[in-house]
Amino acid sequence: MHLIERRVPATLPLEQRATSRYSRYHLADPYLRFYFRFIAPNITLVEQELTVVLWQRMAEQFRAFVGLTAFEELCRAWVLAQARAGRLPFLPEIVGSHWSAVAQVDVVALNWQEKQILLGECKWGGGLVGRAVVRDLVNKALLVVPARDWQVHFVCFARQGFTAAAQSEAAAAGVQLVGLTQLDADLNYP
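Residues numbered from 1 in each chain as written. Predicted model: local features only at pLDDT ≥ 70, side-chain atom pairs only at ≥ 80, totals over all residues. Heavy atoms only, no water.

Participant: Please provide a residue-by-residue account of the nonpolar core, values included.
Facilitator: Generally speaking, nonpolar side chains in soluble globular proteins are found buried as a group. Counting residues in hydrophobic clusters, the biggest one holds 25 residues, and the most contacted among them are Trp78, Val79, Leu118, Phe157 and Leu183. Residue assignment for this core shows that the elements contributing at least two residues are helix H2 (30-39), helix H4 (51-84), strand E4 (104-111), strand E5 (116-123), strand E6 (151-158) and helix H7 (180-187). Per-element accounting of this core gives the leading share, ten residues, to H4. Look past the residues within four positions of leucine 118 in its chain and what remains in contact with it is Val79, Leu88, Phe90, Val107, Val108, Ala109, His153 and Val155. Ranked by size, the runner-up nonpolar core spans 24 residues in total, among them Val129, Val145, Phe162 and Val175. (Core = buried A, V, L, I, M, F, W, Y, C linked by side-chain atoms within 4.5 Å. Buried < 20%, exposed > 50% of the residue type's maximum accessible area, 1.4 Å probe, protein only. Helix = DSSP H or I, 4+ residues; strand = E, 2+ residues; numbered from the N terminus. Contact = heavy atoms within 4.5 Å.)

So this is what it looks like as C-alpha cells:
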C-alpha cells in the first residue's frame, strides 16, 4: 500500500542500499503524517469538541511540521523536476537526504558514475536566511562528499528569502538560492 517507506542516506553506495541497517522508516502518506502528528495525540480534544484547544496546539507545532516534512520533500521534488528538465549540471541517480553522526543535509542528489553531488539546505523559518546558513552548507561538503575528486554543487531553499549578506556569500561560493516563489513557479505544472 506504500504507506510506509524505508529511507537510507542518499550518500550510501548503491550496492549497500538494499542491505544496510542504517535506515529510517517514514510515513509516506501526507494525510497519515498529519493525523498521527496532530489528531491521534489529541483525540480526546476531538471527541470532546474542544476544537479551540486543538487549533492552539496545532498552531504551536505546525510551522515545524511543515518545515521538517513537507518543505524538505517539496525541495527534493524541485531537484527532481530540475533534473528532468535538464536544468541541473548533471543527471542524478539518487535524490534524498543525508544523515550521520557528524552531518545532516536536507537535500542530496548524486551521480556515482560522474562523481557529482548536489547538497541542499531547506529553511522554513520566519525570517530571511543569513550568511551563516550558506557557509554551513558549503562546510558540510567536507563531511558528506564521498571522495575528494567529486564535483560539488550547492542549493539553498528558503521560504522568506535571503539577506544581502547571504546572497553575496552564495555568489562567492557558487550556491544557487531558491525562494518559495521560484520553487512554486518551477513546480507549477501546466
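Next comes the rest of the description.
Participant: I'd love a proper account of the packing of aromatic side chains, names of residues and values included.
Facilitator: What the rule picks out here adds up to eleven aromatic pairs. Between phenylalanine 38 and phenylalanine 62, the ring centres sit 6.1 Å apart and the planes meet at 40°, which makes this aromatic pair tilted. With phenylalanine 38 in helix H2 and phenylalanine 62 in helix H4, the pair connects residues that are 24 residues apart, well separated along the chain. Under the relative-accessibility criterion, phenylalanine 38 is labelled buried at 1%. (Phe/Tyr/Trp six-rings, centres within 6.5 Å; stacked < 30°, edge-to-face > 60°.)

Participant: So what about the packing of H4 against H7? Which residues, and what values?
Facilitator: Their axes nearest at 10 Å, the elements H4 and H7 cross at an angle of 55°. Between H4 and H7, the crossing angle belongs to the class labelled oblique. Note on packing geometry: the crossing formed by H4 with H7 is left-handed. Residue-level contacts link Phe71, Leu74, Cys75, Ala77, Trp78, Ala81 and Gln82 of H4 to Leu180, Gln182, Leu183, Asp186 and Leu187 of H7. Broken down by class, the residue content of the contact of H4 with H7 amounts to nine nonpolar, two polar and one charged. (Axes fitted to C-alpha atoms, helices over the stretch in contact; angles between N-to-C directions. Parallel < 35°, antiparallel > 145°, perpendicular 65-115°, else oblique. Left-handed = near helix turned anticlockwise from the far one by under 90°. Nonpolar A, V, L, I, M, F, W, Y, C, P; charged D, E, K, R; others polar.)

Participant: Residues and numbers for helix H6 (residues 164-173), please.
Facilitator: Along H6, the residues that are buried comprise Ala166, Glu169 and Ala170. The buried residues of H6 occupy an angular sector of 100° when projected down its axis, which confines them to one face. Among the exposed residues of H6, those oriented more than 90 degrees off its buried face are Ala164, Ala171 and Ala172. Residues of H6 that are buried make contact with helix H5 (131-144) and strand E7 (175-179). Trailing H6 by a residue or two, glycine 174 shows a phi angle of about 75°, which is positive. (Arc of directions from axis to C-beta.)

Participant: Account for the pattern of salt bridges, with residues named and values stated.
Facilitator: The final tally for this structure, using the stated rule, is eight salt bridges. With a shortest N-O distance of 3.1 Å, glutamate 121 and lysine 140 are connected by a salt bridge. Here glutamate 121 is found in strand E5, whereas its partner lysine 140 is found in helix H5, with 19 residues between them in sequence. For the pair shown, glutamate 121 and lysine 140 are each scored as buried. Shared partners join several salt bridges into a network, and the residues in it are Glu5, Arg7, Arg33 and Glu73. (Salt bridge = Lys/Arg side-chain N within 4 Å of Asp/Glu carboxyl O.)

These values are about where atoms sit, not about what they do.
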